[in-house]
Amino acid sequence: MAKIVMLTGSPHKNGTSQQLANAFEKGATEAGNEVYRYDAGLQGAAAPHFLQLADQPGMEEGIKDTDRVETEVIPHLLDADVVVLVSSLYYFGVNTQLKMVIDRFYSYNHELKGTR
């Protein structure tokens, strides 16, 4: 049994990327694997992956350490055997919602490489 972390970025609830992720999750679970899924694109304004400073357009503010990526996604990621990234392609790159979560991995480079 493998521990799988699946991160999706599409903001389209029933879009093709979500359908692909659903099919993968179903197959992986039926095969006896443990799947943790985080749908970054569906979090909305209630759970932002960055905070915009209202008085300084274009400037970002740090995210609190109590947010869901920090408290839930990162621990699953550090414990995972497999990581699956699901994104719709916009001009040949991953979408912003998923990229913002991936960028948060930077603080954990050594742990992710296994060189603590």
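Attention here is on the structure that accompanies the text. (Residues numbered from 1 in each chain as written. Predicted model: local features only at pLDDT ≥ 70, side-chain atom pairs only at ≥ 80, totals over all residues. Heavy atoms only, no water.)

### Remarks on the overall build of the chain
Each helix and strand counted, the chain has 4 helices and 5 strands in total. Each helix (α) and strand (β) of the chain, taken in turn from the N terminus, gives the series β-α-β-β-β-α-β-α-α. The buried share of the chain, reckoned over its 116 residues, is 33%. The long-range fraction of contacts in the chain, counting pairs at least 24 apart against all pairs at least 6 apart in sequence, stands at 68%. (Helix = DSSP H or I, 4+ residues; strand = E, 2+ residues; numbered from the N terminus. Buried < 20%, exposed > 50% of the residue type's maximum accessible area, 1.4 Å probe, protein only. Contact = heavy atoms within 4.5 Å.)

### Examining the sheet that holds strand β5 (residues 82–86)
An order of β2-β1-β5 is seen for the 3 strands of this open sheet, with the pairing classed as parallel. Of all strands in the sheet, those with a lone pairing partner are β2 (34–39) and β5, marking the two edges. In this sheet, adjacent strand axes meet at a mean angle of 15° when their direction is disregarded. Two elements, strand β1 (residues 3–8) and β5, share 5 bridges in a ladder whose sense is parallel. Looking across to β5, one finds that M6 is bridged to V84. Strand contacts of helix α1 (residues 16–30): β1, β2 and β5, with the helix running at about 165° to β2, the strand carrying the most contacts. (Pairing = 2+ DSSP bridges. Axes fitted to C-alpha atoms, helices over the stretch in contact; angles between N-to-C directions.)

### Observations regarding the environment of L20
The topology assignment puts L20 in helix α1. For the pair L20 and S87, spaced 67 residues apart in sequence, the C-alpha separation works out to 9.8 Å.

### Thoughts on helix α3 (residues 96–103)
All of the buried residues in α3 are L98, M100 and V101. Projected down its long axis, α3 shows its buried positions confined to an angular sector of 160°, all on one face. Among the structural elements, β1, β2, α2 (68–79) and β5 are those in contact with the buried residues of α3. (Arc of directions from axis to C-beta.)

### Describing the side chain of R37
With respect to the secondary-structure elements, R37 resides in strand β2. Here the side chain of R37 touches E25 through a polar contact of 2.8 Å, side chain to side chain. A polar atom in the side chain of R37 sits 2.9 Å from the side chain of D39. In this structure R37 touches M6, T8, Q18, A21, N22 and E25, once residues within four positions along its chain are discounted. (Polar contact = N/O pair within 3.5 Å; in protein donor to acceptor, adjacent residues only side chain to side chain.)

### Here we look at unusual backbone geometry
What is expected of a backbone is that most residues other than glycine have negative phi and most peptide bonds are trans. Positive phi, close to 70°, is recorded for F92, a residue that is not glycine. Relative to the helices and strands, F92 is located in the loop between β5 and α3. You can call F92 exposed: its relative accessible area is 83%.

### Concerning α2
The end-to-end C-alpha distance of α2, which contains 12 residues, comes to 16 Å, matching closely the 16 Å that a straight helix rising 1.5 Å per residue would cover. Of the positions making up α2, those classed as buried are V69, V73, I74 and L77. An end-on view of α2 places all buried positions within 100° of arc, on one side of the element. If you follow the buried residues of α2, they end up packed against β1, β2, β5, α3 and α4 (109–113). (Expected span 1.5 Å × (residues − 1).)

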